[in-house]
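# Observations on the three-dimensional arrangement
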Amino acid sequence: MVLSKNAEKKIHKKIKRCQVLIARETELEFSDLPTEYIVICNAGLSTGLQQEVLLEEVLRYGSTSVEDIAFPTGKSYCYLRFESAQASQAVYDSMNGIATLGQDGCVLLMSYCRGLPAGGSDSKEHALPAGLILIADFLNEAQETKLLEAIDWEQEEEVNSSLKHRRVKHFGYEFLYGTNNVDRSKPLQRKIPSVCEQMWVKLKELYPDLGWHVPEQLTVNRYEPGQGIPPHVDTHSAFEDPIISLSLGSDIVMDFRDTTGQHLNVDLPRRSLLVMSGESRYGWTHGITPRKMDTVRLNDSLTIRKREQRVSFTFRKLNDGPCRCRFSSLCDTYQQEAKDRADRIKENAAQLELENVHKVYNEIAKHFSETRHSPWPRIAGFLESLSPGSVLLDVGCGNGKYLGLNPQIISLGCDRSDGLLKVCTERGFNVVQCDCLALPFKTACADACICIAVIHHLASLERRRQAIGEMCRVLRPGGQALIYVWAKNQEANAKKSSYLRQNKHNNKPPREGEPEKVVPIEHGDGESVLPIHTNRTQFQHQDLLVPWKLRDVERQQQEAKVTFLRYYHVFEEKELSELCLEVGGISVEDSYYDQGNWCVIFRKQ
């Protein structure tokens, strides 16, 4: 096909535009003269172009000298490398502006370039994940035939003997795809074929230190051309190390990926045995991409190989206990324990807050309100800066001292404490009772929020993050929130906070060697203790109990003091602003220190 002059001109303009965009992302140098490198400017992984489809098209034009193909992750361009500029030019002349492999059938736009950018070629056909052993020609043809004949595909005894993407049979135990495990209490009548026993003798001779050699479970998969299996890792706690897989009937390319994103294609020849042990067993997923052909290297050049029917035998030995590997992101034992730990922390945190925050504030509400009457200047300044008619939500409003500060705005308060809400209603403020973790307000209903001395009472990181997320949710786009939390450092800027300045003689820090007072409590990761803070002194811990002494004239004829312990998580510098950014959809407008508090003003994006 020969392009007209007008078509060539249009193609050339489009290529130039693509070159500008690619040059912004890479250090690629383009060339007007033929080189052995070609960049396809408008097609790649993000447009759905497949490596095998591209190579098949290239080979149609008689080029057998494709040395490499590189598809950058998530990009709409890719690269070809040939053995010579002449071979490259033959493909360029035949496909540029002609081959319809682009998105929605668009023609490919191609350009010569001088080498590939750093990381442009990640071809690693010969590399293997650590711990992976590939034994070519493990069986001869006669042994292959015997194994294939041992599987009766006509016998349909299992409910799940036919899957969407392939046919499968299980021996010893049924592999349960819902849980990627087996039910030890339900062994199958069908045992592993005795013809397999010769394999364990040979494997033990080849690798005497490998580990187990007699499996208890076998899964046989039959793949037709075009079928595959999603990336997965055999459940860590269910099966021992190693996992062994035998490929019969056809070659196949298996994809391995680790948790860092490294991707290796491993070519499994027919009658080869794959032993996944160590890191390759626990730290890499493996799978087969559904397609009808694979890209493989032959005589230092790339070519495509059509798939045929393949049967895999995967052998496993059942594990007796939890996994203790170091690959936590793929380990079911670690993930389950982490989930259980998170659930326990969540439950413990809620109970801790109930006993040492909510019940305490109900008891001390009246006395607490009497000590909270003067607005803080910078909070007052924030409220006064709001436009007339703005809707303000005061999350954790306490006795409502900020609700009536700006009469030109609509103020609504909420708090968990019955006692403090009663004070608010007596003062004529609009308030509702709720938990700051689940605000009963519509999304995007408020112009501003304030949350003063509340979040430091939440007993887990996730709950503190959730509270900020709720404030973000109820704000309108562009709305602002002001948060105050107690700072661990009460002497920031070389100046004591008002909290420290009120230190009386009988509230000095403990003398050196004096044991610290602690309370046993379910907190955080399980059973631990929380230290009892000495009032009006510098904080020594982030999570602690702070005493509130209340005079009790009703319980005794003589006036006495009752001490209540309030839970606090006091914040380090930048901790609050970083927590806000973790929520997402937020920009931190200001972060400052104010009289023993870390403070943040954030805006909803």
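Residues numbered from 1 in each chain as written. Predicted model: local features only at pLDDT ≥ 70, side-chain atom pairs only at ≥ 80, totals over all residues. Heavy atoms only, no water.

### A closer look at the overall build of the protein chain
A tally of helices and strands in the protein chain yields 12 helices and 28 strands. Looking at the protein chain as shown, the accessible area adds up to about 30700 Å², and 48% of this sits on carbon and sulfur atoms. (Helix = DSSP H or I, 4+ residues; strand = E, 2+ residues; numbered from the N terminus. Areas by Shrake-Rupley, 256 points an atom, 1.4 Å probe, with all protein chains shown as cover.)

### Here's the deal with the packing of aromatic side chains
Under the criterion given, the structure shown has 15 aromatic pairs. Plain terms: the ring middles of W486 and Y568 are 4.5 Å apart, the flat faces sit at 40° to each other, and that makes the pair tilted. With W486 in strand β22 (residues 475-486) and Y568 in strand β26 (residues 560-569), this pair connects stretches of sequence that are 82 residues apart. Per residue, the accessibility class of W486 equals that of Y568, and both read buried. Relative to W598, the ring of Y593 lies with its centre 4.9 Å away and its plane at 70°, an arrangement referred to as edge-to-face. Both residues of the pair, Y593 and W598, count as buried. Taken together, W486, Y499, F539 and Y568 form an aromatic cluster joined through their ring pairs. Looking at K202, its charged tip hangs above the ring of F138, at a distance of 4.8 Å from the centre. (Phe/Tyr/Trp six-rings, centres within 6.5 Å; stacked < 30°, edge-to-face > 60°. Buried < 20%, exposed > 50% of the residue type's maximum accessible area, 1.4 Å probe, protein only. Lys NZ or Arg CZ within 6 Å of the ring centre and 35° of its normal.)

### Focus on the pairing of β22
Here β22 lies mainly inside the structure; nine of its 12 residues are buried. In terms of strand pairing, strand β21 (residues 446-452) meets β22 through six bridges, oriented parallel. From the neighbouring strand, A448 faces β22, where its bridge partner is Q480. Note on the crossover from β21 through helix α10 (residues 461-474) to β22: the handedness is right-handed. Pairing geometry for β22 and strand β28 (residues 597-604), over seven bridges, is antiparallel. Paired with A481 across the bridge in β28 is F602. (Pairing = 2+ DSSP bridges. Right-handed = clockwise from strand over helix to strand, strands pointing away.)

### Structural notes on the sheet that holds strand β9 (residues 229-232)
The strand order across the open sheet built from four strands is β9-β14-β11-β12, with neighbouring strands paired in antiparallel fashion. Looking along the sheet, the strands with just one partner apiece sit at the ends: β9 and β12 (263-268). Here the strands of the sheet are splayed against their neighbours by 20° on average, with no regard to which way each runs. Note that strand β11 (residues 252-258) and strand β14 (residues 284-288) share four bridges and pair antiparallel. (Axes fitted to C-alpha atoms, helices over the stretch in contact; angles between N-to-C directions.)

### Focus: a positive patch on the surface
Taken together, K9, K10, K13, K14 and R17 make up a surface patch of like positive charges. Summarising the element assignment, K9 is placed in helix α1 (residues 5-25). (Patch = residues over 30% accessible without salt bridge, like charges linked within 9 Å, V, L, I, M, F, W, Y side chains within 5 Å. Salt bridge = Lys/Arg side-chain N within 4 Å of Asp/Glu carboxyl O. Lys, Arg positive; Asp, Glu negative; His and termini not counted. Charge placed at Lys NZ, Arg CZ, Asp CG, Glu CD.)

### A look at helix α3 (residues 85-95)
A87, S88, V91, Y92 and M95 are the residues of α3 that are buried. For α3, the arc enclosing every buried residue in end-on projection is 135°, short of the 170-degree limit, so these residues lie on one face. Of the surrounding elements, those touching the buried residues of α3 are β2 (37-40), α2 (51-59), β4 (78-82) and β5 (110-113). Immediately beyond the C-terminal end of α3, within one or two residues, lies G97, with a positive phi of roughly 75°. (Arc of directions from axis to C-beta. Contact = heavy atoms within 4.5 Å.)

### What about the pattern of salt bridges?
Scanning all chains against the criterion turns up 27 salt bridges. A salt bridge links E57 to R60; its shortest N-O distance comes to 3.1 Å. For E57, a relative accessible area of 12% corresponds to the buried category. Residues R184 and D320 are paired through a salt bridge, measuring 3.3 Å at the closest nitrogen-oxygen approach. In this pair, R184 is assigned in the loop between β7 (167-171) and α5 (197-206) and D320 in the loop between β17 (310-316) and α7 (332-370), connecting sequence segments 136 residues apart. Through salt bridges with shared partners, a single network forms among E52, R291, D294 and R307.

### Observations regarding the sheet that holds strand β1 (residues 30-31)
Across the sheet, which stays open at both edges, the five strands sit in the order β1-β5-β2-β4-β3 with antiparallel pairing between neighbours. Strands with a single pairing partner mark the edges of an open sheet, and in this sheet they are β1 and β3 (66-70). In the sheet, β2 pairs with β4 via four bridges, with the strands oriented antiparallel. Among the inter-strand pairings, V39 is bridged to a residue of β4, identified as Y79. In the packing of α3 onto the sheet, the strands contacted are β2, β4 and β5, and the crossing angle to β5 comes to about 160°.

### Regarding the environment of A7
Relative to the assigned elements, A7 resides in helix α1. Given the relative accessible area of 25%, A7 is considered partly exposed.

### Topic: the confidence of the model for the protein chain
Per-residue confidence for the protein chain gives a mean pLDDT of 88, with 90% of residues at or over 70. Taken together, the stretch residues 158-162 has pLDDT below 50 and engages in nine contacts with residues farther than four places along the chain or on a different chain. Here residues 523-527 is modelled with pLDDT under 50, and outside its nearest four sequence neighbours on either side it reaches 17 contacts, counting other chains as well. (pLDDT = per-residue confidence, 0-100.)

### Some thoughts on the nonpolar core
Core analysis: the biggest nonpolar cluster contains 34 residues, and I455, I468, M471, I483, L576, C580 and F602 have the highest contact counts within it. At the level of elements, β18 (391-395), β21, α10, β22, α12 (575-583), β27 (586-594) and β28 are the ones that each hand at least two residues to this core. In terms of residue count, the dominant contributor to this core is α10 (five residues). Leaving out residues up to four positions away in the same chain, C580 has contacts with I468, I483, I586, V588, V600 and F602. Judged by nonpolar contacts, the second largest core, of 25 residues, contains L139, L147, V220 and F315. (Core = buried A, V, L, I, M, F, W, Y, C linked by side-chain atoms within 4.5 Å.)

### Quick word on α5
Considered for burial, the residues of α5 that qualify are M199, W200 and L203. Down the axis of α5, the smallest arc covering the buried residues is 95°, so these residues share one side. For α5, the exposed residues set more than 90 degrees away from the buried face come down to E197, V201 and E205. Buried positions along α5 lie against β6 (132-135), α4 (141-149), β10 (243-248), β13 (273-276) and β17.

### Regarding the side chain of S417
One can find S417 in the loop between β19 (410-415) and α9 (418-426). Within the structure, the side chain of S417 is placed 3.0 Å from the side chain of N362, a separation counted as a polar contact. A polar contact is formed between the side chain of S417 and the backbone nitrogen of G419, at a distance of 3.4 Å. Not counting residues up to four positions away in its chain, the partners in contact with S417 are Y361, N362, A365 and Q433. (Polar contact = N/O pair within 3.5 Å; in protein donor to acceptor, adjacent residues only side chain to side chain.)

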